[in-house]
Amino acid sequence: MGWTNIRNVTVLSLLASVFFGMQFTAVAADWPYWRGPHFNGTSDETGFSGAVSEDKIQWRTPMPGASSASPIVVGDRIYCVSNSGDMGALVGYCLNRDTGDVIWQKEFVSGVEQPRRNTLASPSPVTDGERIYFTFGTGDLIATDSDGKVVWAKNLMEVYGPISQQFGYSATPLPFKGKLYVAIMRGQWDRKELDDFTDEDSYLICLDPTTGDEVWKTHRSSDGHDEAFDSYTSPMPYDHDGVSAIITQGANYVIAHDTTTGKELWRQNHNPEMGKMWRLIPSPVMADGLVIGVQPRGLSPFAIRPEAGKSFAFDESLWIFDGKTTDVPTPVYDNGRVYLMNGVRKLLYCLDAKTGKELWVGEVDADSRIWSSPVVADGKMFCLTEEGQVVTMKVGDSFEMISTLSLGGKECKSTIAISDGKLFVRTSEALYCLKG
């Protein structure tokens, strides 16, 4: 499918004050990426009771339209994106973390056509401590400095060709070690013949975050078919024992790329039977030197112990868990455990990260399906249901339901952000601040 884009990039006014990620020294209260400061769905903050109720709502700020993107928190500011009320434009927001007051709102892109079962406001904003990066399903990528001045802006489709997927482009860029990485893993849904697929338009791009100029572009080769090419995942960083890599998963393969050249370091095929309906939604997660992935459509999770130059068959994985877990939510890694949310059956699986052994399965008392990815802080897990219910659970050695709070605002898909002892929850109607 194609879209007509009339970009309207305007001046921002924002503050981005700290570096983040495994290679930066981050302020504990910041949540600079949709998977948190450690890229694994966790926060180091403590003191959470876990119980949420209406009296824990500190503020509510209405949003004009839906979005599947997650908010990020930098210092005392929150950045998020939204569709306009008529779903015809894409808007960026900056809010005060403590009051919810809107500091600024800007229409970045207008004249858009929404994809099926998703919105063009699905990629989350990110920061590297110097700039905020806003990305939209139209291919518009906008970088701003701390004064709100647009440093650079580019449209990925104008430079690299279509990025369209059956349900819309959703990958969030990755700032890592002084570069910005953008993954595009797609089929050819704009072609007339749906069986006419090729891997030629699947790649990982490394950009200079100060200029937006391309540093390198690497082709992600694949022998997949049909829907298998479509990946809605985001690139993730690997940094262990002196090895730094960018991990991408999609088009049947988990692939590690050298951060400086884009060279392929190793790959693993997790589609040994070459199934066609193999679109992928959950992103991979790193676990003390292991790479944890999930087969599409809620099939088996698995672990890879990286080995340079290796092409892994699926049965050469370190472990494979024989059970249906997550189709949509990205796994969480915390304290030696991997948590996987089956959002349809509302079951939470806890596995030992080193062995894949099932430690327990918890029944999640939720009002509807769970599309969003869970997050963990202080031994508590927080997630958001499709109907807008915030669910909190005790995790670790055992599972226990703690509380539920219905906020409404269907249809909800955004991941909760954690900062300064608070939860920031994006429903389709509003952004909420809850005391944790």
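Residues numbered from 1 in each chain as written. Predicted model: local features only at pLDDT ≥ 70, side-chain atom pairs only at ≥ 80, totals over all residues. Heavy atoms only, no water.

J.: What's the story with the pattern of salt bridges in this structure? I'm lost.
T.: On inspection of all chains with the given rule, the structure shows 14 salt bridges. The shortest N-O distance in the salt bridge between D128 and R131 comes to 3.4 Å. Judged by relative accessible area, R131 falls into the buried class, the value being 9%. The partner of D378 in a salt bridge is K380, and the shortest N-O contact between them spans 3.5 Å. Here D378 falls in the partly exposed class, since its relative accessible area comes to 29%. Overall, K380 belongs to the buried group, its relative accessible area being 16%. (Salt bridge = Lys/Arg side-chain N within 4 Å of Asp/Glu carboxyl O. Buried < 20%, exposed > 50% of the residue type's maximum accessible area, 1.4 Å probe, protein only.)

J.: Help me understand the pairing of strand β9 (residues 132-135), please; the structure alone is not making it clear to me.
T.: Here is the key point about a regular strand: its side chains alternate between the two faces of the sheet. Every second residue of β9 is oriented toward a common face, with I132 and F134 on one face and Y133 and T135 on the other, all of them buried. Strand direction decides the pairing type here: strand β8 (residues 126-127) and β9, joined by two bridges, are antiparallel. In the sheet register, V126 faces β9, and the bridge partner there is Y133. Following β8, the chain reverses through four residues before pairing antiparallel with β9; G129 in that reversal takes a positive phi of roughly 95°. Pairing of β9 with strand β10 (residues 140-144) involves four bridges; the strand directions are antiparallel. Each bridged residue has a counterpart across the sheet, and for T135 the counterpart in β10 is L141. The turn linking β9 back onto β10 is made up of four residues, and G139 within it adopts a positive phi angle of 95°. (Helix = DSSP H or I, 4+ residues; strand = E, 2+ residues; numbered from the N terminus. Pairing = 2+ DSSP bridges.)

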